[in-house]
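Geometric and topological summary
So the chains spell out like this:
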Amino acid sequence: MNTLAVEGKLRPVNPATLEPVGVVPVTEDVAYVAAGAAAAQSSWARSSFDERRVLLERVAEVLVARMDEIAATVTAETGKPIVEAYTTELMLGVEQVAWLAKNIERVLAPERIRYGIPYLAHKRARIVYQPVGVVAVITPWNFPFSIPLSQVAGAVAAGNAVVLKPSELTPLSGEWVARVFAEAGAPPSLVSVVHGAGETGAALVQAPDVAKVVFTGSVETGRRIATAAAGLLRPVILELGGKDPMLVLRDADLERAVEGAAWGSFANCGQVCVGIERIYVARDLHARFVDALVERARALRIGRGYSPDTELVPLITERQRDRVEDLVAEALERGSEALTGARRPDVELPGWFYEPTVLAGGDPDARLEQEEVFGPVVSVLPFDDEDEAVRLANGTSFALGASIWSRDASRARALALRIDAGMVWTNDLGISYGAGPAPWGGRKDSGFGLTHSKHGLYELSSVKLVDSDSGRVRVPWWYPYGPRAVDGFKGVLELRHGEDGLRGAWAHRRGLAHLAKRYVQQ
Ligand code: ADP
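The sections below set out a description of the structure shown in this document. Quick caveat, the model's predicted, so the values are computed rather than measured.

**Quick look at the overall build of the chain**
- When helices and strands are tallied, the chain shows 18 helices and 20 strands.
- Burial status across the chain gives 54% buried among its 522 residues.
- Looking at the chain as shown, the accessible area adds up to about 23,100 Å², and 53% of this sits on carbon and sulfur atoms.
- For the chain, the centre of its 57 positive side-chain charges and the centre of its 65 negative side-chain charges are spaced 13 Å apart.

Listed below in structure tokens is the structure:
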């Protein structure tokens, strides 16, 4: 690991240069921070939609005013290309904040509902969306700014306070999230950050004041968090890994598909939960696609993230590179062929670089074909028909994202319905992370629960029904009971849903008359 909670300090380093980036003290009393958040939340819960909107608008402005510093921190801690710091961190993040500012009232204003049942027609009812309280947001290092920013902003927009636990590898990027909220005028302790490794995260999950946990990270840790939370009956949202397939159909625009494949597989050094890990190409196109992708992969410029030209950066830690090397070695032993890469590049830098790697898929049971690699490695396999493509695409334990590449939009849309995934993109991938109305989340080992969009806001709210009855209509299903009541309710059932409707109800007319009398009395 390139940083550990040693002697109460986190010491993130730049994975390209191995230079230290800073020192951050580990938080000692996580429960105390959560209690502070609870105090702040009790007033924020009463904030008007206007106040929330103003805060979020201001957050967006501060973020833009500070963008160069934020991008520099993110690139220092992750090594990621500076272009990606602006696109996948700042752009995606700020669009979410702006959408929340514009839409929070529309989504979370009390909603009048009609029951649509004649004997309840006199009632008025509303759904109200109240905050859940303190939300714990636990995040990984691969998008150390946009993931926490969008989740924190959603939680705050819904009236909650947040305690954020950023990855121990990227504490300073996480710190920026709280800082932009503070500089935008958020009340003290509305957004707090706790620092540390897994133990700190575990302490936060258990902190008495935490009402809900939003976790993004590995399957293994997600399972641990779900287990701990289950003991407390504490709800969790789990955004876990992916093993995203890319389906290139016969009528795909080959050049675009190759460009998309290269970016989808190698951006952020492949350390993207919706990164492309498996490519299935229609047999007719397969050879041309593979040649072009190999050529494109070889042309990627490897280096330190600060340089605007850099396209491929190192893995985040030595351990992560070791893991990628092990997975590739095992796949090669089991029959995969390395078409390019599968080794460390010649670079002057000491960091944990690995060449962009294209494998011709071998054994479908190889770990590399089943587990999330989270590195610059993609395997390519031909398919003969769409059924086979769907079977291959759905053949792992993950179900996060997928992409379909075709010139025929309606065919791609129809195929999208057959892919087991939370998000399916056509001729593109991933960008909906920045789109406010787009939900984000997966199934199976990719987790459960949604972030972003109205669905994400509902998850961060306590959804309450408020039923208003004038109290002037008598309630026929209350006491006293008796045979006429039984007869009457049988009549109601026949009338409302029976095959013969009114005719079926006729046999129970006496009971119905009895109920009707009670209903209108008073
Ligand atoms: P990654 O290896 O991709 O960083 P992890 O799932 O290990 O993924 O980590 C994601 C986040 O979860 C990090 O902030 C990490 O510190 C935190 N974390 C790790 N273990 C635990 C745990 N047992 N409980 C809560 N949070 C944890």
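Read on for the rest.
**Digging into the sheet that holds strand 16 (residues 401–405)**
- Taken in spatial order, the 7 strands make up an open sheet running 12-13-14-11-10-16-17, and their pairing is mixed. At either margin of the open sheet sits one strand with a lone partner, and together these are strand 12 (337–340) and strand 17 (423–426). Taking the axes of each pair of neighbouring strands and ignoring which way they run, one obtains an average angle of 25° across the sheet.
- This element, helix 9 (residues 254–266), spans strand 10 (244–248), strand 11 (276–282), strand 13 (357–360), strand 14 (377–383) and strand 16 of the sheet and lies at about 160° to strand 11.
- In this fold helix 10 (residues 283–298) packs onto strand 10, strand 11, strand 12, strand 13 and strand 14, with an angle of close to 140° to the strand it touches most, strand 11.

**Examining the pattern of salt bridges**
- Counting across every chain of the model gives 29 salt bridges.
- The partner of arginine 283 in a salt bridge is aspartate 384, with the nearest N and O atoms 2.7 Å apart. With a gap of 101 residues between them, arginine 283 in helix 10 and aspartate 384 in the loop between strand 14 and helix 13 (386–393) connect regions that are remote in the sequence.
- Note on arginine 283: relative accessible area 47%, which makes it partly exposed.
- The salt bridge partner of aspartate 420 is arginine 443, with a shortest N-O separation of 3.0 Å. One end of the pair, aspartate 420, is in the loop between helix 14 (409–416) and strand 17; the other, arginine 443, is in strand 18 (residues 443–444), and 23 residues separate them in sequence.

**Let's talk about the site of the ligand**
- Around the ligand, a shell composed of 18 residues is seen, among which Thr139, Trp141, Lys165, Glu168 and Ser218 lie nearest.
- The separation between a nitrogen atom of the ligand and a polar main-chain atom of alanine 202 is 3.3 Å.
- In isolation the ligand has 550 Å² of accessible area, and contact with the protein removes 82% of it.
- Of all the elements in the fold, those that place two or more residues in the shell around the ligand are helix 7 (198–206), strand 8 (210–216) and helix 8 (219–231).

What counts, and where the lines are drawn
Residues numbered from 1 in each chain as written. Predicted model: local features only at pLDDT ≥ 70, side-chain atom pairs only at ≥ 80, totals over all residues. Heavy atoms only, no water. Helix = DSSP H or I, 4+ residues; strand = E, 2+ residues; numbered from the N terminus. Buried < 20%, exposed > 50% of the residue type's maximum accessible area, 1.4 Å probe, protein only. Areas by Shrake-Rupley, 256 points an atom, 1.4 Å probe, with all protein chains shown as cover. Lys, Arg positive; Asp, Glu negative; His and termini not counted. Charge placed at Lys NZ, Arg CZ, Asp CG, Glu CD. Pairing = 2+ DSSP bridges. Axes fitted to C-alpha atoms, helices over the stretch in contact; angles between N-to-C directions. Contact = heavy atoms within 4.5 Å. Salt bridge = Lys/Arg side-chain N within 4 Å of Asp/Glu carboxyl O. Near = heavy atom within 4 Å. Polar contact = N/O pair within 3.5 Å; in protein donor to acceptor, adjacent residues only side chain to side chain.

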